[in-house]
Structures are given as C-alpha cells and as structure tokens.
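Examination of the molecular architecture
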Amino acid sequence: MLIYVNQFEILGGDSFTVALRTIAGWLKTVTTLHFTSDMLLSGEEFFIDKTKV
C-alpha cells in the first residue's frame, strides 16, 4: 500500500509528537516492528520482507 501526503496541518500543544506516535503505532500493526520517532525522522528506508518503509 502506498500512502502519499503532500501536507497536513497539526494543531495542539504536543501534536507533532502525537502524530509521530500515531504513525509509529500504525506501522507496528502493519509490520509487527517497533518504530521510534527518531527512526521515522531519520530519512532512512527500512525493508521488511518485500515492503519498503
């Protein structure tokens, strides 16, 4: 599944951190691997089976 987001607006005090945790949680349900905020912000590509994150 490909997901493209050009932009989205994050509102609230700690909303950026909450958004990263939400994305990491979704990735965990899909891949069964734990992703940290640092991993998501690193720009690295992660290969899980035949999937590239």
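Residues numbered from 1 in each chain as written. Predicted model: local features only at pLDDT ≥ 70, side-chain atom pairs only at ≥ 80, totals over all residues. Heavy atoms only, no water.

1. Section: the nonpolar core
- Core analysis: the largest hydrophobic core is formed by five residues, namely Ala 24, Leu 27, Phe 35, Phe 46 and Ile 48.
- Once residues within four sequence positions are removed from consideration, Leu 27 is found in contact with Thr 32, Leu 33, Phe 35, Leu 40 and Val 53. (Core = buried A, V, L, I, M, F, W, Y, C linked by side-chain atoms within 4.5 Å. Buried < 20%, exposed > 50% of the residue type's maximum accessible area, 1.4 Å probe, protein only. Contact = heavy atoms within 4.5 Å.)

2. Description of the pattern of salt bridges
- One pass over the structure, following the stated rule, counts one salt bridge.
- When the shortest N-O distance is used, the salt bridge between Lys 52 and Glu 45 registers 3.7 Å.
- Relative accessible area serves as the criterion here: at 49%, Glu 45 is assigned to the partly exposed category. (Salt bridge = Lys/Arg side-chain N within 4 Å of Asp/Glu carboxyl O.)

3. A closer look at a nonpolar patch on the surface
- Residues Ile 3, Val 5, Phe 8, Ile 10, Phe 16, Trp 26, Val 30 and Leu 41 make up a contiguous nonpolar surface patch of about 800 Å² in total accessible area.
- Checked against the element boundaries, Val 30 lands in helix H1 (residues 15-31).
- Residue classification places Val 30 among the exposed residues on the basis of a relative accessible area of 51%. (Patch = residues over 30% accessible without salt bridge, like charges linked within 9 Å, V, L, I, M, F, W, Y side chains within 5 Å. Areas by Shrake-Rupley, 256 points an atom, 1.4 Å probe, with all protein chains shown as cover. Helix = DSSP H or I, 4+ residues; strand = E, 2+ residues; numbered from the N terminus.)

4. Observations regarding the layout of surface pockets
- Of the voids in this model, the largest pocket is the one considered here, and its volume is about 800 Å³.
- Residue lining of the largest pocket: 25 residues in total, with Ile 3, Ile 23, Trp 26, Leu 27 and Val 53 positioned closest to the centre.
- Listing elements by their share of the lining of the largest pocket, those giving two or more residues are H1, helix H2 (37-41) and strand E2 (51-52).
- The element best represented in the lining of the largest pocket is H1, accounting for eight residues.
- Residue classes in the lining of the largest pocket are distributed as 19 nonpolar, three polar and three charged. (1 Å grid on protein atoms, 1.4 Å probe; cavity = no way out; pocket = protein on both sides within 12 Å on 5 of 7 lines; lining within 4 Å. Points joined across faces, edges and corners; volume = space filled by probe spheres on them. Nonpolar A, V, L, I, M, F, W, Y, C, P; charged D, E, K, R; others polar.)

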